[in-house]
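# Commentary on secondary and tertiary structure
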Amino acid sequence: MSTTTAATPAATDTGAPAFGPTAVHIRKSDEGVALDIRDFNLWYGKTQALHGIDMEIQKGQVTALIGPSGCGKSTLLRCLNRMNDLIDDLRIEGEIRTNDFDIYGPGVDVIALRKRMGMVFQKPNPFAMSIFDNVVYPLRVDGVTKKALLNETCERALRSAALWDEVKDRLNESALGMSGGQQQRLCIARGIAADPEVLLMDEPCSALDPIATAKIEELIDQLRGQYTIVIVTHNMQQAARVSDNTAFMYLGRLIEYGDTTRVFTAPEVARTQDYVTGRFG
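Read on for an overview of the structure. (Residues numbered from 1 in each chain as written. Predicted model: local features only at pLDDT ≥ 70, side-chain atom pairs only at ≥ 80, totals over all residues. Heavy atoms only, no water.)

The next point concerns the overall build of the chain. Each helix and strand in the chain was counted, giving 10 helices and 12 strands. Against the compact-globule benchmark of 19 Å for 281 residues, the chain has a radius of gyration of 19 Å, which places it among compact chains. Here the C-alpha coordinates of the chain stretch approximately 65 × 45 × 35 Å along the principal axes. Taken over 281 residues, the chain has a buried fraction of 50%. Taking as baseline every contact in the chain between residues at least 6 positions apart, the subset at least 24 positions apart corresponds to 68%. When the accessible surface of the chain is split by element, carbon and sulfur atoms take 49% of a total near 12900 Å². Both charge centroids of the chain, one from 30 positive and one from 36 negative side chains, sit 3 Å from each other. (Helix = DSSP H or I, 4+ residues; strand = E, 2+ residues; numbered from the N terminus. Rg over C-alpha atoms; globule rule 2.2 N^0.38 Å. Buried < 20%, exposed > 50% of the residue type's maximum accessible area, 1.4 Å probe, protein only. Contact = heavy atoms within 4.5 Å. Areas by Shrake-Rupley, 256 points an atom, 1.4 Å probe, with all protein chains shown as cover. Lys, Arg positive; Asp, Glu negative; His and termini not counted. Charge placed at Lys NZ, Arg CZ, Asp CG, Glu CD.)

Rendered as C-alpha cells:
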C-alpha cells in the first residue's frame, strides 16, 4: 500500500476553498484495476461539477464514495455507466477506462456497457410484474426465451441477493407486494442477473429501515470478490462497515482516496478529518 499525491487547484483570491494535493493510499486488489478514471472533468452547461478526478477502482473490492450533498458523488457514479449522457449541455473531458478501452471513446456500445455495469438506485424500483419476471427481465430484453436458463438465472440471482429462501414459493406473485428491504434486494438480484462486472449502488439504503439496511450491508459483504462494487453513501458508518477503499469528495474534487480504515482513523488531509469527525457536512 503506497501513498501518492496528485495536484489539485490552489487557493484563489476570491475566497474559494484552497485545495492541496489529493492523498491516495488505497488498498490494492490482487486482481488489478476494474475502472481507471483519468483526469475526468464534467460540466453541466457552464457549471463544472467534476474537477480532474483521478482514481483507480480495484477489482473485486467495495469502493465507497462519501462527501457532503452536492459534492459530485452521484454524478461520478452515473458517469461510470454513462447514465448522464442524455442530460442537456453536458460535456466531459478525460477518460474512464475498463478492460483497456475508454468508455467515452468513439464507437462504444453504451447498451452493452450498461449490461456490464449493474445499477441499484436510492429507492427500490421493482417493475409491476412478478418476482420471477423482475429478476429475468435483463435476459428477456436480450431475447432469451429458454425456460431452463431463465429458471436457473432467477434462482442464482435470488440466492446471490440472499432472497431465495424468502420468495421461492411465491415467484409468480407481484414484486410490489414485497417489503421495502426485499424490493431493494430484488433490484440487486435483477442487477446481477446478467452477470455484470461492476455493481453501482447509489445510496441503496437511504429509503430503508435499520433492519433492512443491515441485510443490504450483509449482502454487499457477501458479494465482495464476486463483483466490483461502487457505493455512494451519506452514511459514514456504513462506508466504514462495508468498503475496502473510501473516496472523500468535496465540491466536485477528490480530496482523499484510500484504505477505508486509514481514511476514517488517520486521514492525511485536514478537510477529510473535519468531515469524518462531523465538523462539517
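Here we come to the side chain of N134. Position of N134 among the secondary structure elements: in helix α3 (residues 131–141). Polar side-chain contacts of N134 include one of 3.1 Å to the side chain of R190. Discounting chain neighbours no more than four positions away, the residues touching N134 are P126, F127, M129, A175, L186 and R190. (Polar contact = N/O pair within 3.5 Å; in protein donor to acceptor, adjacent residues only side chain to side chain.)

Strand order in this open sheet of 4 strands is β4-β3-β6-β7, and the pairing throughout is antiparallel. Edge positions in the sheet fall to β4 (47–58) and β7 (101–102), since each of these pairs with one other strand and no more. With 8 bridges connecting them, strand β3 (residues 33–44) and β4 associate as antiparallel partners. Bridge pairing in β4 places V33 opposite Q58. (Pairing = 2+ DSSP bridges.)

The volume enclosed by the largest pocket comes to roughly 630 Å³. Along the walls of the largest pocket sit 20 residues, with R114, K115, M117, M119 and P138 positioned nearest its centre. Residue assignment for the lining of the largest pocket shows that the elements contributing at least two residues are α2 (110–115), β8 (117–120), α3 and α6 (180–192). Split into classes, the residues belonging to the lining of the largest pocket amount to 12 nonpolar, 4 polar and 4 charged. (1 Å grid on protein atoms, 1.4 Å probe; cavity = no way out; pocket = protein on both sides within 12 Å on 5 of 7 lines; lining within 4 Å. Points joined across faces, edges and corners; volume = space filled by probe spheres on them. Nonpolar A, V, L, I, M, F, W, Y, C, P; charged D, E, K, R; others polar.)

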